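Examination of the molecular architecture
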Amino acid sequence: MDAERWVSGVGLATVAADGTVLDTWFPSPHAGRGGDLSDDVERLDRLAAPDDRRNVTVEVVTLEIDLDVAPASTPDAYLRLHALSHRLVRPNELNLDGIFAHLPTVAWTNAGPMHPDDAVRLRPYLQRDGVQIVSLDKFPRLTDYVAPEGVRIADASRVRLGAYLSPGTVVMHEGFVNFNAGTLGVSMIEGRISQGVVIGDGSDIGGGSSIMGTLSGGGKHRVSFGERSLLGANAGVGISIGDDCVVEAGLYITAGTKILLVDEPPLEDGSVRVAKGAQLSGSSGLLYIRNSLTGAIEARRRSGVGVTLNPALH
């Protein structure tokens, strides 16, 4: 077995009164198997205690997982999400099959997770103690568990645990990054990055834009966005975009979109060549625009490099 395909860690699991494991926090997961974890166990053991306000207990968990095997428990699923957010493994490089079955819906509060039924029952006491429910979801906020070095996040509620954010990444208020998705370099994120999507170094995902993922699209193609490329404001793609590309603001391109190849030699009858979006998936050095006179979507060749980010912002 390849030790490099394993991740280990000591964590704190929050357990509801009915036995449901709500989450597990792994402060310092590491690549590989085993090792001396006694210091981590001793440090976290001091924090293991019940919280009567939320009707939960907190327990120490020691775990090592094979990244090539599907998740087997809630702590296993959380260690995989931590491995992504701690940059131990990149998106799409670990097995997440069936992960939703091991992630219960949780009432996330400013005091930690609790069972939704208990949140309803204990509501008056929670309000008295200043405990507020911030969401009901399977995934928590990234920043409640991990603070990635060299990253700015304007609205923490819009980045899920399991997001992979490289140093220099800026996620603005309208940006959203799902689990098993993220950035592979310095990037400006003002739009939506869906599950499975990775953004290359030096790219800009414009305000209100959206990149379709495998969960939303229902297909198997892993959408990626290349280096030094721009997705314009309110634009979107369901195909991979290569390096040094620009997608015009407001333009949405899917696998079935008909695109005129205006720079290619015409057909024998003189008409412009047409390709579906899927045929251009992953192509570099293209400008995608909508012709303002005809309404047709066109792909034009670009020369040189793509966008340049403002270094003062990163």
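Residues numbered from 1 in each chain as written. Predicted model: local features only at pLDDT ≥ 70, side-chain atom pairs only at ≥ 80, totals over all residues. Heavy atoms only, no water.

This paragraph deals with the pairing of strand β1 (residues 6–16). Burial analysis of β1 places 11 of its 11 residues in the buried class, the great majority of the element. Going residue by residue along β1, you find W6, S8, V10, L12, T14 and A16 tucked away on one face and V7, G9, G11, A13 and V15 tucked away on the opposite face as well. Relative to strand β5 (residues 56–66), β1 runs antiparallel, the two sharing 11 bridges. Bridge pairing in β5 links A16 to V56. Taken together, the two bridges between β1 and strand β3 (residues 30–31) define a ladder with antiparallel strand orientation. Bridged to V7 within β3 is A31. Bridge analysis of β1 against strand β2 (residues 21–25) gives four bridges, and the strand direction is antiparallel. Residue A13 lies in a different strand from β2, and its bridge partner there is T24. (Buried < 20%, exposed > 50% of the residue type's maximum accessible area, 1.4 Å probe, protein only. Helix = DSSP H or I, 4+ residues; strand = E, 2+ residues; numbered from the N terminus. Pairing = 2+ DSSP bridges.)

Let us now look at the environment of H115. Within the element layout of this structure, H115 appears in the loop between β7 (112–114) and α3 (116–121). Taking the C-alpha atoms as reference points, H115 and V21, 94 residues apart in sequence, are found 9.3 Å from one another. If near-sequence neighbours (up to four positions away) are discounted, H115 is found in contact with A16, D18, T20, L22 and A107. Of the polar contacts made by the side chain of H115, one reaches the side chain of D18; its length is 3.3 Å. A distance of 3.0 Å separates a polar atom in the side chain of H115 from the backbone nitrogen of D117. (Contact = heavy atoms within 4.5 Å. Polar contact = N/O pair within 3.5 Å; in protein donor to acceptor, adjacent residues only side chain to side chain.)

Further remarks concern unusual backbone geometry. In this model, R87 sits at a positive phi of 65°, which is unusual for a non-glycine residue. Here R87 is to be found in the loop between α2 (74–85) and β6 (106–109). Backbone geometry at D244 places phi at a positive 55°, although glycine is not the residue there. Among the structural elements, D244 can be located in the loop between β21 (236–237) and β22 (246–247).

The 10 strands lie next to each other as β9-β11-β14-β17-β20-β22-β26-β27-β24-β25, forming an open sheet whose pairing is mixed. At either margin of the open sheet sits one strand with a lone partner, and together these are β9 (152–153) and β25 (273–276). Two strands pair when backbone bridges link them, and strand β24 (residues 258–261) and strand β27 (residues 297–301) are joined in this way by two bridges, in the parallel orientation. When the sheet's bridge partners are listed, L260 is paired in β27 with E298.

Turning to α2, a few remarks are in order. Across its 12 residues, α2 extends 17 Å between first and last C-alpha, which sits within 8% of the 16 Å expected from 1.5 Å per residue. For α2, the buried fraction is high: 12 of the 12 residues fall into the buried class. Where α2 is concerned, the buried positions are T74, P75, D76, A77, Y78, L79, R80, L81, H82, A83, L84 and S85. For α2, the secondary structure elements touched by its buried residues are β1, β2, β5, β6 and β10 (163–164). Residue S73 occupies the N-cap position of α2, its side-chain oxygen lying 3.2 Å from the main-chain nitrogen of D76. Looking one or two places after α2, you find R87, whose phi comes out positive at around 65°. (Expected span 1.5 Å × (residues − 1).)

Let's shift gears to the sheet that holds strand β16 (residues 198–199). With respect to topology, four strands assemble into an open sheet ordered β10-β13-β16-β19, the strand pairing being parallel. If you trace the sheet from one side to the other, it starts and ends with β10 and β19 (224–225), each paired once. The sheet contact formed by strand β13 (residues 181–183) and β16 spans two bridges and is parallel. Opposite G182, over in β16, you have V198 as the bridge partner.

Here the chain is described as being made up of domain 1 (6–101) and domain 2 (142–301). The centre of domain 1, based on its C-alpha atoms, is set 32 Å off from the matching centre of domain 2. The interface is formed by 18 residues belonging to domain 1 together with 22 residues belonging to domain 2. Looking only at domain 1, the three residues that lose the most surface to domain 2 are S85, R87 and N92, adding up to 40% of its buried area. Connecting domain 1 to domain 2 are zero salt bridges. Across the contact surface, domain 1 and domain 2 share nine residue pairs in polar contact (both at pLDDT 80 or more). Looking at the side of domain 1 that touches domain 2 element by element, the count peaks at five residues for α2. (Domains from an automatic or database assignment. Buried area = accessible area lost by both parts, 1.4 Å probe. Salt bridge = Lys/Arg side-chain N within 4 Å of Asp/Glu carboxyl O.)

When the UniProt feature table is mapped onto this chain numbering, "binding site: Mg(2+)" (unreviewed entry) sits at E174. With sequence-adjacent residues up to four places away left out, E174 is seen in contact with R158, E190 and G191. (UniProt positions renumbered as here; feature names shortened; annotations may be inferred.)

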